[in-house]
Amino acid sequence: MDKKLTLSLDKTIIESAKNYAKSNNISLSKLIESYLTTLTNRKKNDAEITPLVESLSGVISLDKDFDVKDAYTDYLIEKYK
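Description of the structure in this document. Since we're looking at a predicted model, the values are computed, not measured.

## Some thoughts on the overall build of the protein
Here is step 1: In terms of helices and strands, the protein carries four helices and zero strands.
Here is step 2: A compact globule built from 81 residues should have a C-alpha radius of gyration of about 12 Å, whereas the protein, at 23 Å, is more than 25% larger.
Here is step 3: When the backbone C-alpha atoms are referred to their principal axes, the protein occupies close to 55 × 35 × 25 Å.
Here is step 4: Scored against the burial criterion, the 81 residues of the protein give a buried share of 1%.

## Focus on the environment of leucine 28
Here is step 1: With respect to the helices and strands, leucine 28 occurs in helix α2 (residues 28-46).
Here is step 2: Along the chain, leucine 28 and isoleucine 13 lie 15 residues apart, while their C-alpha atoms are 12 Å from each other.
Here is step 3: Leaving out residues up to four positions away in the same chain, leucine 28 has contacts with Ala17, Lys18 and Ala21.

## Focus on a nonpolar patch on the surface
Here is step 1: On the surface, Leu5, Leu7, Leu9, Ile13, Ile32, Tyr35 and Leu36 cluster together to form a nonpolar patch covering roughly 680 Å² of accessible area.
Here is step 2: No other element matches the three residues that α2 contributes to the nonpolar patch.
Here is step 3: For leucine 36, the position within the fold is in helix α2.

## Comments concerning helix α4 (residues 68-79)
Here is step 1: Here α4 spans 16 Å end to end across twelve residues, near enough to the 16 Å set by a 1.5 Å rise per residue.
Here is step 2: The residue sitting at the N-terminus of α4 and contributing the capping side-chain oxygen is aspartate 67; that oxygen lies 3.2 Å from the backbone nitrogen of lysine 69.

## Quick look at the environment of phenylalanine 66
Here is step 1: The residue phenylalanine 66 is located in the loop between α3 (51-56) and α4 in this model.
Here is step 2: Sequence spacing of phenylalanine 66 and serine 8 is 58 residues, and the spatial spacing of their C-alpha atoms is 48 Å.

## Some points on the pattern of salt bridges
Here is step 1: A full pass over the atoms with the stated rule returns two salt bridges.
Here is step 2: The shortest N-O distance in the salt bridge between glutamate 78 and lysine 81 comes to 3.0 Å.
Here is step 3: What makes glutamate 78 exposed here is its relative accessible area of 53%.

## Some points on helix α1 (residues 11-23)
Here is step 1: Its 13 residues give α1 an end-to-end C-alpha distance of 18 Å, which sits within 8% of 18 Å, the value for a rise of 1.5 Å per residue.
Here is step 2: With its phi angle positive at about 50 degrees, asparagine 25 sits one or two positions after the end of α1.

## Some details on unusual backbone geometry
Here is step 1: You will see that asparagine 25, though not glycine, has its phi angle at about 50 degrees, which is positive.
Here is step 2: Mapped onto the fold, asparagine 25 is located in the loop between α1 and α2.

Parameters and conventions
Residues numbered from 1 in each chain as written. Predicted model: local features only at pLDDT ≥ 70, side-chain atom pairs only at ≥ 80, totals over all residues. Heavy atoms only, no water. Helix = DSSP H or I, 4+ residues; strand = E, 2+ residues; numbered from the N terminus. Rg over C-alpha atoms; globule rule 2.2 N^0.38 Å. Buried < 20%, exposed > 50% of the residue type's maximum accessible area, 1.4 Å probe, protein only. Contact = heavy atoms within 4.5 Å. Patch = residues over 30% accessible without salt bridge, like charges linked within 9 Å, V, L, I, M, F, W, Y side chains within 5 Å. Areas by Shrake-Rupley, 256 points an atom, 1.4 Å probe, with all protein chains shown as cover. Salt bridge = Lys/Arg side-chain N within 4 Å of Asp/Glu carboxyl O. Expected span 1.5 Å × (residues − 1). Polar contact = N/O pair within 3.5 Å; in protein donor to acceptor, adjacent residues only side chain to side chain.

In structure tokens form, the structure reads like this:
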């Protein structure tokens, strides 16, 4: 069941959103609904940890002073020699 919602937004944002919706053949209401659906679903999915990922957790232990960027840079230098 659809319900009405009143929003207060900057005028330029509203105009840009209307133009975007029109160019994509979608109503502004559906555009906002789609965005909010995506936003709220993403938060739910971020918390999910698959059994595979959970089983891999803690497999590798690195020193506290290990610099990932330096290690990757060294890897690339070796790879492209």
